[in-house]
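# Residue-level structural notes
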Amino acid sequence: MELFSNFPLWSALTSIFFAQFIKVPLQFFITKKVDWSLLTSTGGMPSSHSAAVTALSTGVALETGLDSPLFAISVVFAIIVMFDATGVRWQAGEHAVVLNQLVSDFQRFIEEAKEWPEKPQQKKREELKELLGHKPVEVFFGGLTGVGLTLFLWYIFSKVT
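The paragraphs below set out a description of the structure included in this document. Sequence positions are assigned chain by chain, starting from 1 and proceeding in written order. It should be noted that, the model being predicted, local features are given only for residues of pLDDT at least 70 and side-chain atom pairs only at 80 or more, the latter also being counted only at that level, while totals for whole chains, interfaces and linings use all residues. Side-chain calculation: all heavy atoms of the structure are included, whereas hydrogens and water are not.

### Observations regarding the overall build of the protein
Applicable threshold: A helix here means a DSSP run of H or I that spans at least four residues, while a strand means a run of E at least two residues long, and both kinds are numbered starting from the N terminus. Working definition: with a 1.4 Å probe on protein chains only, accessible area under 20% of the residue-type maximum means buried, over 50% means exposed, and in between means partly exposed. The contact criterion used is simple: two residues touch if any of their non-hydrogen atoms lie within 4.5 Å.
When you go through the protein residue by residue, the secondary structure sums to five helices and zero strands. Overall, the protein shows an N-to-C arrangement of helices and strands of α-α-α-α-α. Here the protein, with 161 residues, has 31% of them falling under the buried criterion. In the protein, the proportion of contacts linking residues at least 24 apart, taken out of those at least 6 apart, comes to 75%.

### Some words on the packing of aromatic side chains
Condition: Within 6.5 Å between ring centres, the rings of Phe, Tyr and Trp (the latter by its six-membered ring) count as paired, and their orientation is classed by plane angle as stacked under 30 degrees, edge-to-face over 60, tilted in between. Lysine NZ or arginine CZ positioned within 6 Å of the ring centre and within 35 degrees of the ring normal marks a charge as sitting over the ring.
Enumeration according to the criterion identifies three aromatic pairs in this entry. With a centroid separation of 6.2 Å and 10° between ring planes, the pair formed by Phe 4 and Trp 10 is classed as stacked. Judged by relative accessible area, which is 67%, Phe 4 ranks as exposed. Residue class for Trp 10 comes out partly exposed when judged on its relative accessible area of 34%. Judged by centre distance (5.0 Å) and plane angle (70°), the rings of Phe 7 and Trp 154 are edge-to-face. Here Trp 154 lies in helix 5 (residues 136-160) and Phe 7 lies in helix 1 (residues 7-31), a separation of 147 residues in the sequence. Overall, Trp 154 belongs to the partly exposed group, its relative accessible area being 30%. Three or more aromatic residues link up through ring pairs in this structure, and these residues are Phe 7, Trp 154 and Phe 157. Directly above the aromatic system of Phe 29 lies the positively charged group of Lys 32, at a separation of 5.2 Å from the ring centroid.

### Re the environment of Ile 80
Along the chain, the position of Ile 80 falls in helix 3 (residues 69-86). Ile 80 sits in the exposed class, given a relative accessible area of 53%. In the structure, Ile 80 is positioned 27 residues away from Val 53 in sequence and 9.7 Å away in space, judged by C-alpha atoms.

Put into structure tokens, the structure is as follows:
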């Protein structure tokens with residue numbers, strides 16, 4: 001199979017880009033603020049990780065069938081990725097929230113206790129990334145995004161060829 005005709009690959013990549021892009025209008029709908037940084041961020045609704053792995057599994061199923069070993073591999077891979085997105089990565093994000101608050105509180109204490117002059121701009125610390133993982137609902141909708149978009153693409157491409 002040539003790279004440019006690899007439907008499961010292209011459906012997975014399309015699902016990643018779609019899920020990342022759709023985060024911007026969804027966030028705008030909720031907060032009334034445009035945040036373009038969501039295009040390249042991890043976490044948020046929908047999960048692009050879940051969209052990618054479910055799109056991959058759906059594309060493999062459509063091309064090789066539900067009884068193929070490739071489909072079995074892709075499903076197990078999808079389950080692991082989605083479990084990780086809601087487990088380890090989510091907890092790492094929760095820990096980052098607490099650590100950032102502790103660092104902030106400690107810095108405020110030092111400033112107030114010793115009345116240090118304000119530090120120059122280039123000395124400011126970079127906060128730990130808090131939006132690492134996904135809530136289960138984000139993973140669920142990411143998965144639906146991947147399956148739905150792949151079925152749509154399969155329909156479109158089957159009509160073209």
